[in-house]
Amino acid sequence: MPLIAEERLDGEDGPILLWTLDREARLNALPDLGDGKEVAAACERVNADPSVRCVVLTGAGRAFSAGGDLTAMRDRRDLFEGNGVQVRERYRRVVHRIVRSLYGLEVPLVAAVNGPAMGLGCDIAGLADIRIASERAIFGVPFLKLGIIPGDGGSWLLPRNVGYARAAEMLFTARSIDAETAERWGLVNRVVAHEQLMDEATSVARQIASQPPQALRMAKALLRQGRDANFDQMLEMSAALQALAHLTDDHAEGVDAVLNKRPANFTGR
């Protein structure tokens, strides 16, 4: 069955997409073998549509995502069928395609973590630019408890989100952390009452959507590149993108709006 249910939230500042991981009966377990292709296609559509300003990602029901399907692991079927070479190739073709696509999303991604986010589910939440958690959320990377390791790039991602020592504690002990701890460790931006989660996430998304769309995508690209590039590389990239931004109609509109103390009307041109 499809993984993502998509809803378009059209607002005065431009469209926001709401993506819901939609396997409630399975606690939004993933991936099925078609999930890599589906997620990649969804991200490619957004990247090719300059009108989309932001994506909000959440889970159906009481979980964000329980991560890998343990019954499929036990039965050695689907992603886990066959020998080591075959399993490795499926990880690259399915799991890695999911995380590469989400990491490569050109617009800001807001995760509204409504419940447990475990294993791959935790790492998918960690791919978001902004993470807002319900008070009911918990986070864990219990790979070692299952006799495996993070096969989804989590060992690269998690230390960048919470620091090496805390990532090591989560991975080596296989213990989960609650939403309050996740906020204190920097894994989420903030924790809100469960009933307020989607209102808060969409409010943030609408604030993002009010920004000039071309400059918004450039700003996200700079933040992502800044994780690994050196300072000189970032200065060169910043100068190049800034030169392009100065030539847009949105730049002229932003300056005029500030000088005349009025709201800006950004069109993406």
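Whatever comes next refers back to the structure up there.
Residues numbered from 1 in each chain as written. Predicted model: local features only at pLDDT ≥ 70, side-chain atom pairs only at ≥ 80, totals over all residues. Heavy atoms only, no water.

### A few points about the packing of aromatic side chains
What counts is decided by this rule: For this analysis, a ring pair means two rings from Phe, Tyr or Trp (six-membered ring only for Trp) whose centres lie within 6.5 Å, classed as stacked if their planes differ by under 30 degrees, edge-to-face if by over 60, and tilted for the remaining angles. Numbering goes from the N terminus for both helices and strands, where a helix is a DSSP run of H or I of at least four residues and a strand is a run of E of at least two. Each residue's exposure class comes from its accessible area (1.4 Å probe, protein chains only) as a fraction of the maximum for that residue type: buried when under 20%, exposed when over 50%, partly exposed otherwise. Criterion for a charge above a ring: Arg CZ or Lys NZ at most 6 Å from the ring centre, at most 35 degrees from the ring normal.
This structure, assessed with the given rule, holds one aromatic pair. Aromatic side chains Tyr103 and Trp156 sit 5.8 Å apart centroid to centroid with 85° between the ring planes, which places their arrangement in the edge-to-face category. Here Tyr103, found in helix α3 (residues 84-103), pairs with Trp156, found in helix α5 (residues 154-162); they are 53 residues apart in sequence, far enough to count as distant. Judged by its relative accessible area of 32%, Trp156 is partly exposed. When the ring centre of Tyr103 is taken as reference, the NZ or CZ atom of Arg224 above it lies at 4.3 Å.

### Overview of the side chain of Asn28
Convention followed: Side-chain atoms alone can form a polar contact between residues adjacent in sequence; in general such a contact is a pair of N or O atoms within 3.5 Å, and within protein one must be able to donate a hydrogen while the other accepts it.
Turning to its location among the elements, Asn28 is positioned in the loop between β2 (16-21) and α1 (35-48). Polar contacts involving the side chain of Asn28 include one to the main-chain amide nitrogen of Glu24, which spans 3.4 Å.

### Observations regarding unusual backbone geometry
What you tend to see is this: most non-glycine residues have negative phi, and most peptide bonds are trans. At the junction of Leu30 and Pro31, the peptide bond is cis and its omega measures out at 5° in the coordinates. With phi around 65°, Ala174 is a residue other than glycine that occupies positive phi space. Relative to the assigned elements, Ala174 resides in the loop between α6 (164-173) and β8 (177-178). Residue classification places Ala174 among the buried residues on the basis of a relative accessible area of 9%. One non-glycine residue, Lys261, lies in the positive phi region at around 50°.

### Thoughts on α1
Going by this rule: For a helix, the expected span equals 1.5 Å multiplied by the residue count minus one. The reported arc concerns the directions from the helix axis to the C-beta atoms and nothing else. Contacts are assigned to residue pairs with any non-hydrogen atoms lying within 4.5 Å of each other.
Along its 14 residues, α1 runs 20 Å from first to last C-alpha, staying within 8% of the 20 Å computed at 1.5 Å per residue. For α1, the set of buried residues is Asp35, Gly36, Val39, Ala40, Ala42, Cys43 and Val46. Looking down the long axis of α1, one finds its buried residues gathered within 160° of arc, a one-sided arrangement. Along α1, the residues that are exposed and aim more than 90 degrees away from the buried face are Lys37, Glu44 and Ala48. In the core, the buried residues of α1 are packed alongside β1 (4-9), β2, β3 (54-59), α3 and α9 (213-225).

### Details of the packing of α9 against helix α10 (residues 231-246)
As a reminder of what qualifies: Only the stretch in contact is used when fitting a helix axis, every axis being a line fitted to C-alpha atoms; angles between N-to-C directions are given from 0 to 180 degrees. To sort the angles, those under 35 degrees are grouped as roughly parallel, those over 145 as roughly antiparallel, those from 65 to 115 as roughly perpendicular, and the leftovers as oblique. Any residue outside Ala, Val, Leu, Ile, Met, Phe, Trp, Tyr, Cys, Pro, Asp, Glu, Lys and Arg is labelled polar, Gly included; the first ten of those are nonpolar and the last four are charged.
Put simply, α9 and α10 touch, their axes get as near as 11 Å, and they point 180° apart. Relative to α10, the element α9 is oriented roughly antiparallel. Listed contacts from α10 to Met218, Leu222 and Gln225 of α9 are Met234, Met237, Ser238, Leu241, Leu244 and Ala245. Residue composition of the contact of α9 with α10, by class: seven nonpolar, two polar and no charged.

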